[in-house]
Structure formats: C-alpha cells, structure tokens
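Next come the chains, spelled out residue by residue.
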Amino acid sequence: MKILDAHTHLSGSETGETAKDIIACMDACDVDISFVYAPLLNVHSWELSDEHLQDIRLHNDYCSDLCSSYTDRLYGFCVLNPVPSLAGGSLERAVTLMTAEVRRCYHDLGLRGVKMVPTHWYPNAPELVPLYHEIAHLGMYVVFHAGIFMDGQQGSYCRPTYFEGIRQVPKLKVQLAHLGWPWVDEAIAVLNMESNIHGPDPANWQFRADVSFGPPDDWQLSSWQRAVDSLPPTALIYGSDLFWPTPPEEYQEKYLYPQRGLFEVSVTNGHITSEGSPTRKQMREQVFFQNALNHWNSAVHKPQRPQAAKEKITTSRARQSHRQHTGR
Ligand SMILES: [Zn+2]
C-alpha cells in the first residue's frame, strides 16, 4: 500500500543530506508522498516584529530549497502568520504582509502548500478573508493547526468551530490538524456539515482532518472510533506530525504502526467494513493515501515547482527539537 503522510515538519537544523535521508525513510516505509512544513519560529508570537517577518521568509525559502530535488515526493508548505504584532498591532496590515508573502511563495518559490497556526488571531476574523481569497485564487492548499498547544501558546484560538468562518471562501481547501484534539467532538461536528453544505461529492468539500496526534493514550482509540463511526471515510487523512529526519524504524514504531492499529481496531469495532473485505482495503487506502491527495488536487491547479536556493540558508531562529514542538 502506498502512503501519503500529510503532516511532517522541518526543524530548520537539517543538513545538506536531509532530503536524501527523508526519501530513504519514506522508501523504507512505503511512504510515497510527504507534506513538508517549513520550520516554525522558535519565538512566541507576541515577540514577533518586522525582523521576524524576515525569518518567516527565510524559512519558506528553506522549505522550498529542501523540497526542490524531489518535487514529486516532497510537497512543500510555506508558513504564514498574520499575527498583528508583525505589523504594529494591525491585523489588517499583517494580513496584507502575508498576502504578499503567499504570492511570493507561489510565484517565486513554486510552493503550493500553506501551514498556519492561529495564535493571537482567530481564523474566523473578517480581516482574514482577503488572504483566504488570495490563497484559493492562487490554487494552494492550507493546513491549519487545530486544538491544544503543548508549548504554552493558547489553543483557544484554534477551536474547530472558529474554522467555520472559512466557509465564506468556499473554494479554500483546508486540512484541520490533530482532529482538533481535545475538541474532537467539535471537529467532527464541523466536518459532518461538509456534505450538507457542499453536497455528497468530496471533491467539493472544504474541510478534511488529519489524525496526527494529539490525544493522550487513553483517548486515542475513542477519538479514532468517534471519527470513523461518525464521518464519511473520505474525511480522514493520515499524518505523523514528526520532525525530519527520522530513521525508518522510528517512523514505523512511533507513527505508522500505531496509527494503522488504531485504524484497523476502530473500523472493526464500529462494524464499518469487515476484516479481509475489499471495502476495508479501500477505506485503508483512502485514509492513508487517497483522501489527502484528492483534497490536494482539488485545491492545486498547477503542480508545485519548489526552487533550489542560490546560496545556503541558515535558520537560526528555527525550533530545534521535536519535543519543543509536539502538538503543533
Ligand atoms: Zn505539527
């Protein structure tokens, strides 16, 4: 079975060999495609300033460069952060800055993915709508962090219902991360409205959710169970939430095997498709590969063409470890 991992991070501390190492791990674990997010900043958003705008740009350059040698395997995502402190406290001006940055990422860097982590701005703020229009117009795909943070930021900006505001821009295609943990019920409620609003064809849906975790051990199976019991099988997307590079054994032990196990057990417990049936196989392929790719293809009109950097990029402000990051 081919796998698409729709949630992976760069730390910014990679070496020149990293892209090769990523591909080697993916080959060993049958991962055909990874969505690769530019490094986030290792500063709290309230410290952001114009100086950090340069870091956002640099990190996006860095991601494009890393993905440039494997354009059919590594789908690069720029990071955008329309936080008011980036522009003297004005959300409107921060949105203007990010609109310019997303155009640069599309046209100059060749990226087609966007990662956003709402903090100190709400995803349903009316000021955001022009940015959403621009992203949809360019033909880009957005992953939003949804749910709690584990690093002292405030998850209250990322409650799933706040993403309903995005429906003002019906062409914007969005992946909500972590099934919105701990607001899994809220995330399911939002996702369940997709067929009501956009009809039964998933190609017209705006939202799908990745199941990268997320929940503490005791809540993992119940979260999966509620998701597979309540949502169409086309709504869920596999993602690891790892930091590259990761050795193949660690990839399998920490991410792929546990998620596969949770999928199989929840589908059996829910009497959704029986073990060994063609529909079980089909559902597995949807969650672990096809759903993310279909969602991507419904957003992206022209294939990505990430550009190699002309000189080496250093990302001194990038987060250095996975532990610091977990839950974003
Ligand atoms: Zn993450």
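Residues numbered from 1 in each chain as written. Predicted model: local features only at pLDDT ≥ 70, side-chain atom pairs only at ≥ 80, totals over all residues. Heavy atoms only, no water.

Explain the pairing of strand β6 (residues 173–176) to me, and be specific about the residues and the numbers.
Residues Lys-173 and Gln-175 line one face of β6 and the alternating positions Val-174 and Leu-176 line the opposite face, and both faces are buried. Note: strand β5 (residues 141–144) against β6, four bridges, orientation parallel. The partner of Val-143 across the bridge, within β6, is Gln-175. Sheet topology note: the β6/strand β7 (residues 207–210) ladder contains three bridges and is parallel. (Buried < 20%, exposed > 50% of the residue type's maximum accessible area, 1.4 Å probe, protein only. Helix = DSSP H or I, 4+ residues; strand = E, 2+ residues; numbered from the N terminus. Pairing = 2+ DSSP bridges.)

Give me the lowdown on the pattern of salt bridges, citing residues and values where you can.
Evaluated as defined, the whole model comprises 14 salt bridges. Where Arg-167 meets Glu-194, a salt bridge forms, and the shortest distance between an N and an O atom there is 2.7 Å. Highlighted residues: Arg-167 in the loop between β5 and β6 and Glu-194 in helix α6 (residues 194–198), separated in sequence by 27 residues. In this structure Arg-167 comes out as buried when scored by relative accessible area, which is 16%. (Salt bridge = Lys/Arg side-chain N within 4 Å of Asp/Glu carboxyl O.)

Account for the nonpolar core, naming residues and giving values.
Grouped together as the largest cluster of nonpolar side chains are 88 residues, with contacts concentrated most on Met-116, Ile-135, Phe-144 and Tyr-251. In this structure Ile-135 touches Leu-80, Val-102, Val-114, Met-116, Met-140, Val-142 and Leu-172, once residues within four positions along its chain are discounted. (Core = buried A, V, L, I, M, F, W, Y, C linked by side-chain atoms within 4.5 Å. Contact = heavy atoms within 4.5 Å.)

Tell me about the packing of aromatic side chains, and name the residues and values.
One pass over the full model with this rule turns up 19 aromatic pairs. For the ring pair Phe-263 and Phe-288, a centre distance of 5.7 Å and an interplane angle of 90 degrees mean the geometry is edge-to-face. Highlighted residues: Phe-263 in helix α8 (residues 248–269) and Phe-288 in helix α9 (residues 278–299), separated in sequence by 25 residues. When sorted by exposure, Phe-263 lands in the same class as Phe-288, which is buried. Just above the ring of Tyr-106 sits the side chain of Arg-112; from NZ or CZ to the centre is 3.7 Å. (Phe/Tyr/Trp six-rings, centres within 6.5 Å; stacked < 30°, edge-to-face > 60°. Lys NZ or Arg CZ within 6 Å of the ring centre and 35° of its normal.)

Give me the lowdown on the environment of Phe-263, citing residues and values where you can.
Take Phe-263: its relative accessible area is 0%, and that puts it in the buried class. Once the C-alpha coordinates of Phe-263 and Val-211 are considered, the two residues, 52 residues apart in sequence, prove to be 10.0 Å apart. Leaving out residues up to four positions away in the same chain, Phe-263 has contacts with Trp-224, Arg-280, Met-283, Arg-284, Val-287 and Phe-288.

Help me get a handle on unusual backbone geometry, residues and values and all.
The omega torsion of the bond from Trp-181 to Pro-182 falls at 10 degrees, within 30 degrees of zero and hence cis. For Pro-182, the position within the fold is in the loop between β6 and α5 (184–192). Cis peptide bonds are those with omega within 30 degrees of zero, and the linkage from Trp-244 to Pro-245 qualifies with -10 degrees. With respect to the helices and strands, Pro-245 occurs in the loop between β9 (242–243) and α8. At His-120, a position not held by glycine, the phi torsion is positive, near 70 degrees. You can see His-120 is positioned in the loop between β4 (113–116) and α4 (129–138). Owing to a relative accessible area of 25%, His-120 belongs among the partly exposed residues under this scheme. Phi is positive for Asp-241, which is not a glycine, with a value near 65 degrees.

Tell me about the sheet that holds β9, residues and numbers included.
Read from one edge to the other, the open sheet built from nine strands follows the order β8-β7-β6-β5-β4-β3-β2-β1-β9, with strand pairing classed as parallel. Each edge of the open sheet carries a strand with a single partner, namely β8 (236–237) and β9. The sheet contact formed by strand β2 (residues 31–37) and strand β3 (residues 74–80) spans four bridges and is parallel. Looking at the pairing, Val-36 lines up with Gly-76 of β3. Those strands touched by helix α1 (residues 18–28) are β2 and β3, and its axis lies near 140 degrees from that of β2. (Axes fitted to C-alpha atoms, helices over the stretch in contact; angles between N-to-C directions.)

Which residues make up the confidence of the model for the chain, and what values go with them?
When pLDDT is averaged along the chain, the result is 91, and 92% of the positions lie at 70 or above. Low pLDDT, under 50, characterises residues 321–328; the stretch is placed with 32 contacts to residues that sit more than four places away or in other chains. (pLDDT = per-residue confidence, 0-100.)

An account of the side chain of Asp-210 is needed here, citing residue identities and associated values.
Mapped onto the secondary structure, Asp-210 falls in strand β7. The side chain of Asp-210 is buried and forms no salt bridge, while Lys-115, the nearest opposite charge, is found at 7.5 Å. Among the polar contacts made by the side chain of Asp-210, one reaches the main-chain amide nitrogen of His-178 at a distance of 2.9 Å. The contact partners of Asp-210, leaving out residues within four places of it in the chain, are His-7, Gln-175, Leu-176, Ala-177, His-178, Leu-179 and Ile-237. (Lys, Arg positive; Asp, Glu negative; His and termini not counted. Polar contact = N/O pair within 3.5 Å; in protein donor to acceptor, adjacent residues only side chain to side chain.)

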